[in-house]
Amino acid sequence: MIWFVAACVVPACLVSWGVTALMRVVAPRVGLVDHPAARKVHSVPTPLGGGLGIYCGFVIPVLIAQGAASWLWDVQPPPGWLPAEMTALLPGLLERGREVWLLVGAGTLLTAMGLLDDLRPLPWQPRLLLQFLIAAALAAGGVRATLFVEHPWIGAVLTVLWIVVLINSLNFLDNMDALAGGIGLIVSVIFAVVMLTSTGEPRWLVGGALLLLAGSLGGFLIHNRPPAKIFMGDSGSTFLGMMLASLTVLGTFYDERLPSRHVILAPLCVLAVPLYDTATVLWIRLREGRSPFQPDKCHFSHRLVELGLSRAGAVRTVHLCTLTTGLGALLLYSVPGWTGALVIVTLVLCVLAIINVLETAARRTSNNSSTSSSPAEPSSPDPTSA
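Report on the accompanying structure. (Residues numbered from 1 in each chain as written. Predicted model: local features only at pLDDT ≥ 70, side-chain atom pairs only at ≥ 80, totals over all residues. Heavy atoms only, no water.)

**Looking at the overall build of the protein chain**
Of the regular secondary structure elements, the protein chain holds 15 helices and 2 strands. When each of the 386 residues of the protein chain is scored for burial, the buried share is 50%. Expressed as a percentage of contacts within the protein chain between residues at least 6 apart in sequence, the contacts between residues at least 24 apart total 76%. As displayed, the protein chain offers around 18,400 Å² of accessible surface, 68% of which is attributable to carbon and sulfur atoms. (Helix = DSSP H or I, 4+ residues; strand = E, 2+ residues; numbered from the N terminus. Buried < 20%, exposed > 50% of the residue type's maximum accessible area, 1.4 Å probe, protein only. Contact = heavy atoms within 4.5 Å. Areas by Shrake-Rupley, 256 points an atom, 1.4 Å probe, with all protein chains shown as cover.)

If you want it as structure tokens, here you go:
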């Protein structure tokens, strides 16, 4: 197991770190720079394109693994130096090669669109349309949830919605240094732990892909930790969201040897905080008559800053909330039935309720400060003014 984890995490981390370092030099030369603005929290121009490091950190090891698997499969018997657990993975890796290439192709399209959007902002309508088309292609290609229903189209529709929601959820969360990357790292590791240790038998391929994603995020975060030297941009956030959504669909959380189907709630528990943040931000924007994709400072992280936390402190708070709900998902595999699952779901809902309390307090603080800072109209002219 240790060799498997290292073989996945270390190469992805190194590739991501190196490509992101290269993008720190290249991005400013091609105009790929995020400039400060009213709705942004950074104060100095910062290179974009760190998402290309995340993309390469995931895709390059995957392509190498596919090529190595094909070569090793032709060598019979397999080399003696190859660990037995990796030898056992070769047939599955080759058999699911179609799904691997499908994910790589979808991720490439999203990364390319993200880079274009980072270079010159695109309207949200064509971006959303492309996301739906990519999600539909993934569902048609076999990246589809069953959800224990007889009609396959129900699982396909829900899969498309799941992918599009997570793409935009991670995109929305990319609003402070290390926020989206840190959440992606936490979520990837928790899902990998589930795939490798909590099911009836390890899901090596999906677990390995999640570890690759975690390693690539780790390499990027070396450059993105506060104060960030580079941002992932839309190229990274959309790729990250699509990969997390697709891998959670490909990963089988339920096993027939488990006593209950309540473990299918695990993805919702792990991603509770990002999903809640997306839902509340969309509700605020629509309620105020604004575009749902118009940037603002209505996110949980922004509210925490309004309460007096530093940006780094706000990011750590969101990370801890995500980790708490994620650990609750791991507990789902330790409780025998729906009664225990209900307790865990209640725990997750309590975390979201705490977030809601903090957000409400922050909004009141912001409104009060805005009111008190507006100058009162004098009842008579100031005698000291000229």
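Right, picking up where we left off after that structure.
**Thoughts on the packing of aromatic side chains**
This structure, assessed with the given rule, holds 5 aromatic pairs. With a centroid separation of 5.5 Å and an interplanar angle of 75°, the aromatic rings of Tyr55 and Phe239 are classed as edge-to-face. Residue Tyr55 is found in helix H2 (residues 50-74), and its partner Phe239 is found in helix H10 (residues 233-250); the two are separated by 184 residues along the sequence. The residues Tyr55 and Phe239 share a single accessibility class, namely buried. With 6.0 Å between their ring centres and 65° between their planes, Phe172 and Phe293 make a pair best called edge-to-face. With a gap of 121 residues between them, Phe172 in helix H7 (residues 152-173) and Phe293 in the loop between helix H12 (272-287) and helix H13 (300-306) connect regions that are remote in the sequence. Residue classification places Phe172 among the buried positions, given a relative accessible area of 9%. Aromatic ring contacts, followed pair by pair, group Tyr55, Phe58 and Phe239 into a single cluster. Here Arg285 stacks its cationic end above the ring of Phe172, 5.0 Å away from the centre of that ring. (Phe/Tyr/Trp six-rings, centres within 6.5 Å; stacked < 30°, edge-to-face > 60°. Lys NZ or Arg CZ within 6 Å of the ring centre and 35° of its normal.)

**Observations concerning a nonpolar patch on the surface**
Together, Phe132, Trp153, Val157, Leu158 and Leu161 make up a nonpolar patch on the protein surface, roughly 480 Å² of accessible area in all. If you tally residues by element for the nonpolar patch, the top one is H7, at 4 residues. With respect to the secondary-structure elements, Phe132 resides in helix H6 (residues 124-140). (Patch = residues over 30% accessible without salt bridge, like charges linked within 9 Å, V, L, I, M, F, W, Y side chains within 5 Å. Salt bridge = Lys/Arg side-chain N within 4 Å of Asp/Glu carboxyl O.)

**Topic: helix H1 (residues 2-29)**
The terminal C-alpha atoms of H1 lie 41 Å apart, and with 28 residues this matches the ideal 40 Å at 1.5 Å per residue to within 8%. A maximum bend of about 30° is found in H1 at Met23. Regarding H1, the residues found buried are Phe4, Cys8, Ala12, Ser16, Val19, Thr20, Met23 and Ala27. Phi for Gly31, located one or two positions after H1, is positive at around 85°. (Expected span 1.5 Å × (residues − 1). Bend = angle between axes of the 7 residues up to and from the residue.)

**Some points on the nonpolar core**
Core analysis: the biggest nonpolar cluster contains 93 residues, and Phe58, Leu138, Leu210, Leu213, Phe239, Met242 and Ile355 have the highest contact counts within it. Looking at which element gives the most residues to this core, the answer is helix H8 (residues 179-198), with 11 residues. Discounting residues that sit within four places of it in the chain, Leu210 has contacts with Ser188, Phe191, Ala192, Met195, Leu244 and Leu247. (Core = buried A, V, L, I, M, F, W, Y, C linked by side-chain atoms within 4.5 Å.)

**What to know about the pattern of salt bridges**
Counted under the stated rule, the structure contains 5 salt bridges. Counted as one network, the salt bridges with shared partners bring together Arg285, Glu288, Arg290 and Asp296.

**A look at the environment of Leu129**
One can find Leu129 in helix H6. Through-space distance from the C-alpha of Leu129 to that of Val164 is 9.8 Å; in sequence the pair is 35 residues apart.

**Comments concerning empty space enclosed by the protein**
As enumerated under the stated definition, the model contains 1 cavity of 30 Å³ or more in all. In this structure, the largest cavity spans a volume of roughly 30 Å³. In terms of lining, the largest cavity is formed by Leu173, Asn175, Leu179, Val273, Asp277, His299, Phe300, Ser301 and Val318. Looking at the lining of the largest cavity, its residues break down into 5 nonpolar, 3 polar and 1 charged. (1 Å grid on protein atoms, 1.4 Å probe; cavity = no way out; pocket = protein on both sides within 12 Å on 5 of 7 lines; lining within 4 Å. Points joined across faces, edges and corners; volume = space filled by probe spheres on them. Nonpolar A, V, L, I, M, F, W, Y, C, P; charged D, E, K, R; others polar.)

**Observations concerning unusual backbone geometry**
Peptide bonds are mostly trans, and most non-glycine residues show a negative phi. Cis geometry marks the peptide bond from Pro226 to Pro227, where omega comes out at -10°. Summarising the element assignment, Pro227 is placed in the loop between helix H9 (204-224) and H10. The phi dihedral of Ala178 falls on the positive side, at around 70°, and the residue is not glycine. Structurally, Ala178 can be placed in the loop between H7 and H8.

**Comments concerning the side chain of Asp234**
Here Asp234 is to be found in helix H10. Here Asp234 is in contact with Gly114, Asp117, Asp118, Arg127, Asn171 and Phe239, once residues within four sequence places are set aside.

**A closer look at the environment of Pro227**
Take Pro227: its relative accessible area is 59%, and that puts it in the exposed class. For Pro227 and Asp177, which are 50 residues apart along the polypeptide, the C-alpha to C-alpha distance reads 6.9 Å.

**A few points about the packing of H9 against H10**
The interhelical angle for the contact between H9 and H10, taken along N-to-C directions, is 160°, at an axis separation of 10 Å. Classified by the angle between their axes, H9 and H10 sit roughly antiparallel to one another. In the crossing of H9 with H10, the sense of the turn from one axis to the other is left-handed. Contacts between H9 and H10 involve Val206, Ala209, Leu210, Leu213 and Leu217 from the first element and Phe239, Leu240, Met243, Leu244, Leu247 and Leu250 from the second. Taken together, the residues of the contact of H9 with H10 sort by class into 11 nonpolar, no polar and no charged. (Axes fitted to C-alpha atoms, helices over the stretch in contact; angles between N-to-C directions. Parallel < 35°, antiparallel > 145°, perpendicular 65-115°, else oblique. Left-handed = near helix turned anticlockwise from the far one by under 90°.)

**With respect to the packing of helix H5 (residues 97-119) against H6**
When two helices pack together, you describe them by how their axes are tilted relative to each other and by the distance separating the axes. Two elements in contact, H5 and H6, have axes separated by 10 Å at closest approach and are oriented at 175°. Classified by the angle their axes make, H5 and H6 are roughly antiparallel. Every residue of H6 that contacts H5 at Leu102, Leu103, Ala106, Leu109, Leu110, Met113 and Asp117 is listed here: Arg127, Leu130, Gln131, Ile134, Ala137 and Leu138. Considered class by class, the residues forming the contact of H5 with H6 number 10 nonpolar, 1 polar and 2 charged.

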